[in-house]
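One letter stands for each residue in the lines below.
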Amino acid sequence: MTPPQTADQLRSAFIDYFVGKGHADVASASLIPHDPTILFTVAGMVPFKPYFVGDEVPPYSRAVSSQKCARAGGKHNDLDDVGRTKRHLVFFEMLGNFSFGDYFKKEIIPWSWELTTETFGLDGDRLWITVHDSDDEAEAIWHEEVGVPMNRIQRLGDKDNFWQMGDTGPCGPCSEIHIDRGPAFGPDGGPLGDPHGDRFMEFWNLVFMQFNQSADGSRTALPKPSIDTGLGLERMLCLLQGVDSVWETNLMQPLIDQACSLTGRRYIAGDYDDRDSFSMRVLAEHARSSAMLVSDGVFPSNEGRGYVLRRIIRRAVRYAYLLGTEHLVMPTLVDTAVSVMGNAYPDVAKNRDFIVGVLTREEERFRQTLKTGLSILEDELSSHTDTLPGTTAFLLHDTYGFPLELTEEIAAERGVKIATAEFDSEMKSQRERAKAGRKGAAADSDRVDGYREVLDQFGTTEFVGYTSDESSGRVLAVLAVAGESDDETVEVFLDRTPFYAESGGQVGDTGTISTVAPDGTVGELQVLDTTFALPGLRRHVARVVSGTVAVGAAATARIDVTRRDAIRRNHTATHILHHALRVVLGEHVKQAGSLVGPDRLRFDFSHYAAVTPEEVNRIEQIANSETLANSPARAFETTKDEATALGAIAFFGDKYGDVVRVLEVGSSIELCGGTHVRAAGDIGAIKVIGESSIGSNLRRIEATTGENTVRLMQREGAAIAEVARLVGASSDDLVDGVQRRLDEIKALTDELKIVRGKLAAGRASEIAATGTDGRVVARVDDLSPADLRDLAIAVRQQPGVDIVVLGGISDSGGASLVAAVRPADGRVASDMIKEAAKAVGGGGGGKGDIVAAGGKNPGGIDEALAIAQAAATASK
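Parameters at a glance
- Residues numbered from 1 in each chain as written.
- Predicted model: local features only at pLDDT ≥ 70, side-chain atom pairs only at ≥ 80, totals over all residues.
- Heavy atoms only, no water.
- Phe/Tyr/Trp six-rings, centres within 6.5 Å; stacked < 30°, edge-to-face > 60°.
- Helix = DSSP H or I, 4+ residues; strand = E, 2+ residues; numbered from the N terminus.
- Buried < 20%, exposed > 50% of the residue type's maximum accessible area, 1.4 Å probe, protein only.
- Lys NZ or Arg CZ within 6 Å of the ring centre and 35° of its normal.
- Pairing = 2+ DSSP bridges.
- Axes fitted to C-alpha atoms, helices over the stretch in contact; angles between N-to-C directions.
- Core = buried A, V, L, I, M, F, W, Y, C linked by side-chain atoms within 4.5 Å.
- Contact = heavy atoms within 4.5 Å.
- Salt bridge = Lys/Arg side-chain N within 4 Å of Asp/Glu carboxyl O.
- Expected span 1.5 Å × (residues − 1).
- Polar contact = N/O pair within 3.5 Å; in protein donor to acceptor, adjacent residues only side chain to side chain.
- pLDDT = per-residue confidence, 0-100.

1. Brief notes about the packing of aromatic side chains
Inference 1: The full count for this structure, using the stated rule, is 23 aromatic pairs.
Inference 2: Geometrically, the ring pair formed by F48 and F100 is tilted, given 5.7 Å between the ring centres and 45° between the ring planes. You can see F48 sitting in the loop between strand 1 (24-25) and helix 2 (49-53) and its partner F100 sitting in the loop between strand 3 (91-99) and helix 3 (105-119), a full 52 residues away along the chain.
Inference 3: According to the relative accessible area criterion, F48 is buried, its value standing at 3%.
Inference 4: Residue class for F100 comes out buried when judged on its relative accessible area of 11%.
Inference 5: Ring centres 5.2 Å apart and planes at 85° place the aromatic pair F278 and Y319 in the edge-to-face group. With F278 in helix 8 (residues 275-295) and Y319 in helix 9 (residues 304-322), this residue pair connects regions lying 41 residues apart in the sequence.
Inference 6: Grouping aromatic residues by their ring pairs yields a cluster made of F14, Y17, F18, Y103, W111 and W204.
Inference 7: Note that R661 overlies the ring of Y466, its terminal NZ or CZ placed 3.5 Å from the centroid.

Okay, structure coming up:
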């Protein structure tokens, strides 16, 4: 029987084996458990807990499952270890078989051995067993019935080999199966001397639930002992695929490859000190975990399991951001994760678009927070090498929405602690300020009724932001922000405001509001966002920075002009790009959504194919010809019928009444209620920085304008200049210069190959002389697999040589083996190294007179050559 080599094959092999033993095949339960004491399903037995504790009668006496599990947050938390070790994951799969008062040790111990050695194909001579130090019965079964030598059975105490569900309830000893991975992973001595499991890796835990523990700690025998086993799918896959860690399995490698592609960084397998490789592992794992959690109904939030998911997503995004990756990474990574996991879990594939949408929105929101918060935190950490003031952590949290946990994690990486007592004090003071800031506000349990009361009493907000950046007004109401139980933020309503409320794809304005009450009390607010509470009623979401903000106070509202100017440029550019898209791609193009922020613009549109680079260039040319023409941007109000007669195009997301606002700039004329530049030339250069698909027949382009485009061009110009310097060419001659260098490299490589061939021929006679009876087996290190192959051929050509086996540690650090035989002798080269390859943890071979093999265990080279020597000697 061929051992399983993929995750799908492994799941099937495990389940099929136990179904053949009369087990019910139970589908994986959700990652959201029914058990209120845990955040996630943390083990395979969690769905069966009611049966084990006696709360429910099981519908079957024995079961088998492949259970989705997640360990992050709460008691079971592997989140911070992900990427730092070979085996820690947030999401993993647990293969398990269960007996509810049916069979016990006498059955499961031989079954586990049979499945491990015969179905999975692991070498029984490399397996070690641990049992509880009181479990004579299990030890006897392993030795007397299975045949495991006593020197490979070890006893451990409660910490390692006793399992209990809690302080009371079912419990019992357990027995674990370990595999000896060889001396390259540590000293001999079995699991007892290897607490971290580096050499003697545990992969299957058999729990024998045979006692009931009382509150006083006493234990009595259960009338019907039960079985609960757990075999980590990813860990077993490592063994079956002959790799050193979960990251090199075919479950994780596609995600790591995708992370490298997105970030432009390389991954070095097995290097746990390399920062880039660590980041690639985090991105890969967290994309998979996030996809599986969202598919099961966990959504990013500020509490419970939703908060844990948010931490997972933000951890991944932070590492991508720190690597300089400006574009979104989660959508593509999650799409890859869905492709990897979708076959085993069809619901994940079915929910693909939904999962990608949820995680895309979360990343977009967090990137803006990161941009500001990280800049401030880096400056502070450079001047505080021991303890970061709590006031700084509070500023990041309070003003910029930077989570305290993230500040703590980044600081910990630098060995810096947080003055949490100071942070807590600042939080308490802020709550008191926010509470005072709502003085005079009418509390209403129904928020919509509260908004309507403001609207009915004062009417709609007068918006003066089309012409003014600052205005005077009056505070009409101050309400608590929905969902903010800690009173950190308030909603302020003014009779007049220059703040644009988010609509039509344009983000809301930020800025400040200063107030003076009739009694002279002053207040200062930082406006974080502006939205519509009800149609026509603008809501300023703000934090009280100082003083008290009272109803009836005079208010001076000032928008962040620099930010608004950037938004103006991007919004007008969106209209110009829409026009250019229709010219280049066709009149069928319609806007399907947009996001206009200060840093960039995003424009979604209907189109049936990807936009080619040539089309993108043409779109940019048309758009920039409009800005160079510097046509006036004329915004005016008219009736909807008149606007339609003028050919104005409606913009996605806006609602229109009988009177509409029209923007006419250059060749574009569209309905729009947003804020815009005075003339097209104010936009500056428009640069398309991305084009992608967001769904069936839907495309998205992203672009920059003004100063953001200048900065982008400066970065690209600097990169071009640096590349030109490195290849010794001018910027104008860069392509030819790079090609020349590539040609030189190729020529040198060819020349090096010739030299190596000559050197190999020179070494060949020396190596051939070490042989006996025409059989040459030798160790040669520091050659590439290709060079080792050439050397083997050269040795074979020496007089009197019939069989050649060369092996060594390659120039990349792996193990390489090559066997060559004379073509006319009838021997098969693979016979010389087939068994030897196992000693280096790999495989290879093939048919013919020369074959090669490789492995991940270079420490096994000498053993492999000894095996090959025996095979060569035995060959006739």
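2. Here we look at the sheet that holds strand 25 (residues 687-695)
Inference 1: Strand order in the open sheet formed by four strands is 20-21-26-25, with antiparallel pairing between adjacent strands. The open sheet has two edge strands, strand 20 (591-596) and strand 25, and neither has a second partner. Within this sheet the neighbouring strands show an average axis-to-axis angle of 15°, counted without direction.
Inference 2: Of the strand pairs in this sheet, strand 21 (residues 601-606) and strand 26 (residues 698-704) are connected by six bridges, and their pairing is antiparallel. For D604, the partnering residue across the bridge sits in strand 26 and is R700.

3. Describing the nonpolar core
Inference 1: With 113 residues, the main nonpolar core has F120, W142 and F203 as its most contacted residues.
Inference 2: In terms of residue count, the dominant contributor to this core is helix 12 (residues 352-383) (10 residues).
Inference 3: With residues near it in sequence (within four places) discarded, W142 still touches I109, S112, W113, I129, V131, G147, V148, I153, S175, I177 and L206.
Inference 4: A573, L577, F605 and A703 belong to the second largest nonpolar core, which has 25 residues in total.

4. Description of the pattern of salt bridges
Inference 1: Throughout the structure, instances matching the rule amount to 52 salt bridges.
Inference 2: The salt bridge involving E409 is made with R315; its shortest N-O contact spans 3.0 Å. Taken together, the residues span a long stretch of sequence, with E409 in helix 14 (residues 404-413) and R315 in helix 9 at a distance of 94 residues.
Inference 3: R367 is paired through a salt bridge with E363; the nearest N and O atoms lie 2.9 Å apart. Placement of both R367 and E363 in helix 12 is noted, with a separation of four residues, approximately one turn of the helix. Side by side, R367 and E363 carry an identical accessibility label, which is buried.
Inference 4: Through salt bridges that share partners, R275, R315, R318, E409 and E413 make up one connected network.

5. Some thoughts on the environment of G597
Inference 1: For G597, the position within the fold is in the loop between strand 20 and strand 21.
Inference 2: Look at G597 and you get buried, because its relative accessible area is 9%.
Inference 3: Separated by 289 residues in the primary sequence, G597 and V308 have C-alpha atoms spaced 28 Å apart.
Inference 4: Discounting chain neighbours no more than four positions away, the residues touching G597 are V507, A566, I567 and N570.

6. Notes on the side chain of D296
Inference 1: Turning to its location among the elements, D296 is positioned in the loop between helix 8 and helix 9.
Inference 2: A residue is classified by how much of its surface remains accessible, and D296, at 18% relative accessible area, is buried.
Inference 3: With residues up to four places along the chain from it excluded, the contact list for D296 reads S30, L31, I32 and K68.

7. Concerning helix 17 (residues 561-585)
Inference 1: Counted at 1.5 Å a residue, the expected span for helix 17 with its 25 residues is 36 Å, and the 35 Å between its end C-alpha atoms agrees.
Inference 2: Between a side-chain oxygen at the N-terminus of helix 17 and the backbone nitrogen of T562 the separation is 3.4 Å; the capping residue is D560.
Inference 3: Positive backbone phi, approximately 130°, marks G586, located one or two places after helix 17.

8. A word on helix 14
Inference 1: Considered for burial, the residues of helix 14 that qualify are L404, L406, T407, E409, I410 and A411.
Inference 2: Among the residues trailing helix 14, G415 stands out with phi positive, at a value near 75°.

9. Digging into the confidence of the model for the chain
Inference 1: The pLDDT averaged across the chain works out to 88; a share of 95% of its residues lies at or above 70.
Inference 2: Of the regions scoring below 50 in pLDDT, residues 437-445 engages in 21 contacts with residues more than four places distant in sequence or in other chains.

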